[in-house]
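Chain by chain, the residues:
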Amino acid sequence: MSASSLTSEPRPPAEPPHPDDLLVLLAVARTGRFTTAADSLGLNHTTVSRRIAALEKALGGRVLARTVGGWELTDLGRRAAHAAEGVEAAVALLNRPEETADAISGVVRMSATDGFSAYVVAPAVAALQREHPRLSVEIVTVTRRALQHRSGLDIEVVVGEPQVHRAEAFRLGSYVLGMYAARDYLAERGTPATVKELVQHPLVYFVDSMLQVDDLDAPRRLVPSMRDGLSCTNVFVHVEATRAGAGIGFLPCFMADRHPDLVRLLPEDFAEELPYWMVLRPDSLRQPAVAAVAQALRRQTAALQPVLRGRKPPAA
């Protein structure tokens, strides 16, 4: 799909768009898939495709463009989706005539790293849901660069400054990683007193060939001759493997410091500070629920900065 297809001017509308078709477009925009949108609406894939075609005929132009990550809105599609949000809000009011409507409701879909999801997102969302019980949040845990096409995602939290287009990026804060080992492991194998002595121990960390974030290459950059012991794509496995004595782990301080059986090694030499960034689609920011979740994440990250940066032990 060429860039011009995303910005082409629509022909004059042949007929007013049907509100149902606008709502179908909104579902596709939020999920990035016809099949997923169909499931959420209780329709079949063919019906979704037919309604999108009807909407494009009514508006006189394309509202969706296919990308590697799914379907993305064109410029015309974004205007139509904005109108659809108004239809959705009006329908929500009608469905709750006897109670005060809560705009912070519905599903917010996001991705974030494992540790951030568990220790920042989970408590932030739980607190928000106590005030807005109709809010639902879906989290995909993954460690990767920010996507250029984030179909189906309202929010991404990534490590390192993202290089993205057609998106809003905000720096949330930072966290620190350090070298850790289990007390029992050190009693058996000895405690390394220098960086040079680390090469006698196996490393517990990410799978090098599958690491998608360049900023996370610190241990192999700082101690290139340290051999891999146990490697995994999940940071919780890093923590538990280190606690079990599989080797010396390069771990986020806010996760490792929760465990009294782990000892931080050579903190003067290993204190890698990395930033968390939040990426949102501009159209997602207009949704009250997405804006509320984004603000909750910013507040929670700011409140936890001493813990995230290894300056204060996590609360029990």
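It should be emphasised that the depicted structure is a prediction, and the values quoted were computed from it without experimental measurement. (Residues numbered from 1 in each chain as written. Predicted model: local features only at pLDDT ≥ 70, side-chain atom pairs only at ≥ 80, totals over all residues. Heavy atoms only, no water.)

*Asks:* Would you take a moment to explain the overall build of the protein for this structure?
*Replies:* Within the protein, the secondary structure is distributed over 13 helices and 11 strands. Counting across all 316 residues of the protein, residues that qualify as buried make up 48%. Accessible surface, the protein as shown: approximately 15400 Å² in total, 52% of it carbon and sulfur. (Helix = DSSP H or I, 4+ residues; strand = E, 2+ residues; numbered from the N terminus. Buried < 20%, exposed > 50% of the residue type's maximum accessible area, 1.4 Å probe, protein only. Areas by Shrake-Rupley, 256 points an atom, 1.4 Å probe, with all protein chains shown as cover.)

*Asks:* Just checking my understanding: could you explain the packing of aromatic side chains for this structure?
*Replies:* Under the criterion given, the structure shown has 8 aromatic pairs. Judged by centre distance (6.0 Å) and plane angle (80°), the ring pair of Tyr-175 and Phe-254 falls under edge-to-face. Remark: Phe-254 occurs in helix 10 (residues 253-256) and Tyr-175 occurs in strand 6 (residues 168-182); sequence separation between them is 79 residues. Each member of the pair, Tyr-175 as well as Phe-254, is classed as buried. A cation sits over an aromatic face here: Arg-258 above Tyr-119, 3.8 Å from the ring centre. (Phe/Tyr/Trp six-rings, centres within 6.5 Å; stacked < 30°, edge-to-face > 60°. Lys NZ or Arg CZ within 6 Å of the ring centre and 35° of its normal.)

*Asks:* Explain the environment of His-201 here, please?
*Replies:* Tracing the sequence through the fold places His-201 in the loop between helix 7 (183-189) and strand 7 (203-205). Relative accessible area serves as the criterion here: at 4%, His-201 is assigned to the buried category. If sequence neighbours within four positions are ignored, His-201 has contacts with Tyr-185, Arg-189, Gly-190, Pro-192, Met-226, Arg-227 and Ile-248. Side-chain polar atoms of His-201 contact the side chain of Tyr-185, separated by 2.7 Å. (Contact = heavy atoms within 4.5 Å. Polar contact = N/O pair within 3.5 Å; in protein donor to acceptor, adjacent residues only side chain to side chain.)

*Asks:* Can you walk me through the pairing of strand 9 (residues 248-252) in this structure?
*Replies:* The side chains of a regular strand alternate between both faces of the sheet. For strand 9, a buried count of 5 out of 5 residues is recorded, marking the element as mostly surrounded by other parts of the structure. As paired elements, strand 6 and strand 9 share 4 bridges and run antiparallel to each other. Paired with Leu-177 across the strands is Pro-252, a residue of strand 9. Two strands pair when backbone bridges link them, and strand 7 and strand 9 are joined in this way by 2 bridges, in the parallel orientation. Within strand 9, the residue paired with Leu-203 across the bridge is Ile-248. (Pairing = 2+ DSSP bridges.)

*Asks:* I tried to follow the confidence of the model for the protein on my own but got confused; where do I start?
*Replies:* Detailed reading of predicted coordinates is not advised where the pLDDT is low. This prediction gives the protein a mean pLDDT of 86; 90% of its residues lie at or above 70. Model confidence for the protein, summarised as mean pLDDT per element, is weakest for helix 1 (residues 4-7) at 46 and strongest for helix 9 (residues 235-243) at 98. (pLDDT = per-residue confidence, 0-100.)

*Asks:* I'm lost on the pairing of strand 3 (residues 106-112) in this one. Help?
*Replies:* In terms of burial, strand 3 is largely enclosed, as 5 of its 7 residues are buried. The sheet contact formed by strand 3 and strand 5 (residues 155-159) spans 2 bridges and is parallel. Looking across to strand 5, one finds that Ser-111 is bridged to Glu-156.

*Asks:* Looking at this model, I keep getting lost on the nonpolar core. Mind explaining?
*Replies:* Nonpolar side chains in soluble globular proteins tend to be buried together. Ile-155, Val-157, Tyr-175, Met-179, Leu-216 and Leu-297 are the most contacted members of the largest nonpolar core, which totals 61 residues. For Leu-297, the contacting residues outside a window of four places in its chain are Met-110, Val-121, Ala-124, Ile-155, Val-157, Leu-172 and Met-278. Counting residues in hydrophobic clusters, the runner-up holds 22 residues, among them Val-24, Leu-59, Val-63 and Leu-64. (Core = buried A, V, L, I, M, F, W, Y, C linked by side-chain atoms within 4.5 Å.)

*Asks:* I keep staring at helix 3 (residues 34-41) and nothing clicks. Help me out?
*Replies:* One turn of the α-helix equals 3.6 residues, which is why residues spaced by three or four share an orientation. Regarding helix 3, the residues found buried are Phe-34, Ala-37 and Ala-38. Viewed end-on, helix 3 has its buried residues packed into an arc of 100°, placing them on one side of the element. Tucked inside the fold, the buried residues of helix 3 contact helix 2 (19-31), helix 4 (45-59), strand 1 (64-67) and strand 2 (70-73). Downstream of helix 3 by one or two residues, Gly-42 has phi in the positive range, about 75°. (Arc of directions from axis to C-beta.)

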